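# Results of the structural survey
One-letter residues, chain by chain:
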Amino acid sequence: MNFERLGQYKYRIPREGKMQVDAAFYASEKILDDLEAEDYASLRQLQNVATLPGIVEPALTMPDIHWGYGFPIGGVAAFDPKEGGIVSPGGVGFDVNCGVRLLTSEIDREELELRKDRLADALYEAVPSGMGRGRTDFRMSREELAEVLVEGPAPLVERGFGEAEDLGHIESGGKLSGADPGAISARAYERGLPQLGTLGSGNHFLEVQYVDEVYDEQAAEAFGLREGWVTVLIHSGSRGLGHQVCQEYVERFLEAAPRYGVELVDRQLAAAPIESPEGEDYLRAMASAANFAFANRQLISHFTREAFASVGFEERRLRLLYDLAHNNAKFEMHAGREVLVHRKGATRAFGPGTAELPEEYHSVGQPVLVPGDMGRYSFVLAGTEGAMRETFGSSAHGAGRKMSRRKAKKAARDRDVVGEMREKGILVRAAGRATVDEEMSEAYKDAADVIEATHGAGIGRRVARLRPLIVVKG
Amino acid sequence: MLDHTADVGFELRASTLEELFDEARRALLMVAFERPPQAGADERGIQLSAPDRETLLVRWLNELTYLVQDAGFVPTGAQIRLQGTAGAGPSLKASLIGAPVLLEEYGWQGEIKSATFHGLDVSNDDEGWHARVILDV
């Protein structure tokens, strides 16, 4: 693998072979060792992305880079519609608008400890997780779902599932424009209807945490974070509806790509021009699925608030700090031109002064939420001008796996991971043992390494660290 | 099974293409469950077509995933017939028998999002048919 060091945490892969542009990646020494250990498989995936038509230099990955399918996880790629730029459903991923949202409170950790067991049970009861249907007391008609696909969580908030203020604290106001329920198949509707307000499984979770350390007082104050205060981090996406949208459009784009002269070095990168009937249809369907995901996290937040109220916190507000996507394609202005930015396991991280941000965040930048593994910590960062200059306003989205799911399960076979977590003061409630085992701490890189590279490279500013108290998993 | 860092994959071998598709069904159940059921009494039918064998395998796995996760039907057995139509790509007809999903009893392993086209391969040589598939989980 041919690359050169540009700075302490930044590297360049010069254009070669079919690459249209240079690629760049961010890594600490530790992350670089991990990349070498996997024989640079994810950097080769980055090189593949750089072959796609209309890509704007550079093709990028964030410090939490790891091996994906098609795009590497942590991949960021911008395409210019006026230069034949493409859109790739595989570059967004099956879980369209998979993302995270953070709720904050002024509840002290000590206060929560007294009700921790009851709260863990109440959350597991209130928030449907694992496989199967949602809550029996929440039903939605096909017409109501169509409204959510166009409007996102706003109709839910109108029905009492949230606070009006929530909407302004969601990326893009919780609504991607151009959504068209007509671009969604009957199968996608069928799969989505019973799954709105469900967490899912795998690496999706709900975590009750506390602020363990504040690095940037000014930004923490703006975000409403103070040492010792309790937070709730929710990680979920567009469920079966989004998976169905991606499946259908990857196949359609495989058929379309040769007609537009798009050469694919990996079929999962199936792509069509943004300005083509296929590209426009996908963007309508993707926006619908993205709005579903924003609404999904909204409903889960409502159930979370109910669970807190049920254990005696009814007078204590859970305020939405921010909700953001990490699997998406969005039109944005960068360096004076409109480009379609794909983020596959990467976070939009706009800097200070971004008009869309809530007023109280204007001076510090967009909140960037970076979950770690369930046994250690997660981080809150702020978007930077550096990210706007270098990464199309993007930053890391998580710790990144280092162990396959199979290896993790094998390593956990003779252990009691839930018991080990309890010993550390973390209560786990999960539908089954398998997802807990495969998500154990050791299966992930240390999120602190990712944050070191992100902060060090100036593409995200460290604000606070959060430690888990309760973990709910599917 | 393949060791993919973020996801799950498998490599399959079989003497006929029909057997290869049935092996893919078995492998999918091994990803979804620790102890997949071996028999069932319910019946279902599937008809699929695709421009090529690889896409047909992806569609087959995605259809089976849908049956397990959204219809609550675990396909414990399959009679598969594959046909190649000149100029139209291969098609598949399958009669499935299966059992209702029992998460705890079968040791459910977590949701499968989709079969992917990344590194996908369906081919044959002197030893028979083989396939390689990576699932997004």
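So, on to the overall build of chain A. The secondary structure content of chain A amounts to 16 helices and 19 strands. Dimensions of chain A along its principal axes, counting C-alpha atoms only, are 60 × 50 × 50 Å. Each of the 474 residues in chain A was classed as buried or not, and the buried ones make up 63%. Considering only contacts in chain A between residues 6 or more positions apart, those separated by 24 or more positions represent 78%.

At the junction of the two partners, chain A supplies 33 residues and chain B supplies 27 residues. Of all the secondary-structure elements, those providing two or more residues to the side of chain A that touches chain B are strand E4 (55-69), helix H10 (239-256), helix H13 (405-412) and helix H15 (433-438) of chain A. Looking at the side of chain A that touches chain B element by element, the count peaks at seven residues for H10 of chain A. Grouping the constituent residues of the side of chain A that touches chain B by class yields eight nonpolar, 14 polar and 11 charged.

Residues and elements named next belong to chain B. The three strands lie next to each other as E2-E4-E3, forming an open sheet whose pairing is antiparallel. Single-partner strands in this sheet number two, and they are strand E2 (42-49) and strand E3 (73-85). In this sheet, adjacent strand axes meet at a mean angle of 15° when their direction is disregarded. Where E2 meets strand E4 (residues 89-100), eight bridges bridge the pair, whose relative direction is antiparallel. Its bridge partner being in E4, Gly45 is matched across the sheet by Ser95.

The next subject is the pairing of E3 of chain B. All names here are of chain B. Both E3 and E4 contribute to a ladder of 12 bridges, which runs antiparallel. Bridge pairing links Gly84 to Pro90 in E4. Between E3 and E4, which follow one another and run antiparallel, lie three residues, and Gly87 among them has a positive phi close to 75°.

Our focus in this paragraph is the sheet that holds strand E12 (residues 327-334) of chain A. All names here are of chain A. Strand order in the open sheet formed by seven strands is E1-E2-E3-E4-E5-E13-E12, and the pairing between neighbours is mixed. Two strands in the sheet have a free side with no partner beyond their single neighbour: strand E1 (4-5) and E12. In the sheet, strand E2 (residues 10-13) pairs with strand E3 (residues 23-26) via four bridges, with the strands oriented antiparallel. Considered in E3, the bridge of Arg12 is made with Ala24.

Residue and element names in this part refer to chain A. Ranked by size, the top nonpolar core spans 207 residues in total, and within it Leu123 and Met286 carry the most contacts. When residues in this core are grouped by element, the largest group, 16 residues, is from helix H11 (residues 277-313). Beyond its immediate stretch of four places on either side in the chain, Met286 contacts Val92, Val96, Val245 and Ala329.

Once that is clear, we can look at H11 of chain A. With 37 residues, H11 of chain A ought to run about 54 Å at 1.5 Å a step, and its terminal C-alpha atoms sit 51 Å apart, in line with that. In terms of burial, H11 of chain A is largely enclosed, as 27 of its 37 residues are buried.

Reading the values: the criteria
- Residues numbered from 1 in each chain as written.
- Chains lettered and ligands numbered in written order.
- Predicted model: local features only at pLDDT ≥ 70, side-chain atom pairs only at ≥ 80, totals over all residues.
- Helix = DSSP H or I, 4+ residues; strand = E, 2+ residues; numbered from the N terminus.
- Buried ≥ 20, exposed ≤ 12 C-beta atoms within 10 Å, placed from the backbone.
- Contact = placed C-beta atoms within 7 Å.
- Nonpolar A, V, L, I, M, F, W, Y, C, P; charged D, E, K, R; others polar.
- Pairing = 2+ DSSP bridges.
- Axes fitted to C-alpha atoms, helices over the stretch in contact; angles between N-to-C directions.
- Core = buried A, V, L, I, M, F, W, Y, C linked by C-beta atoms within 7 Å.
- Expected span 1.5 Å × (residues − 1).

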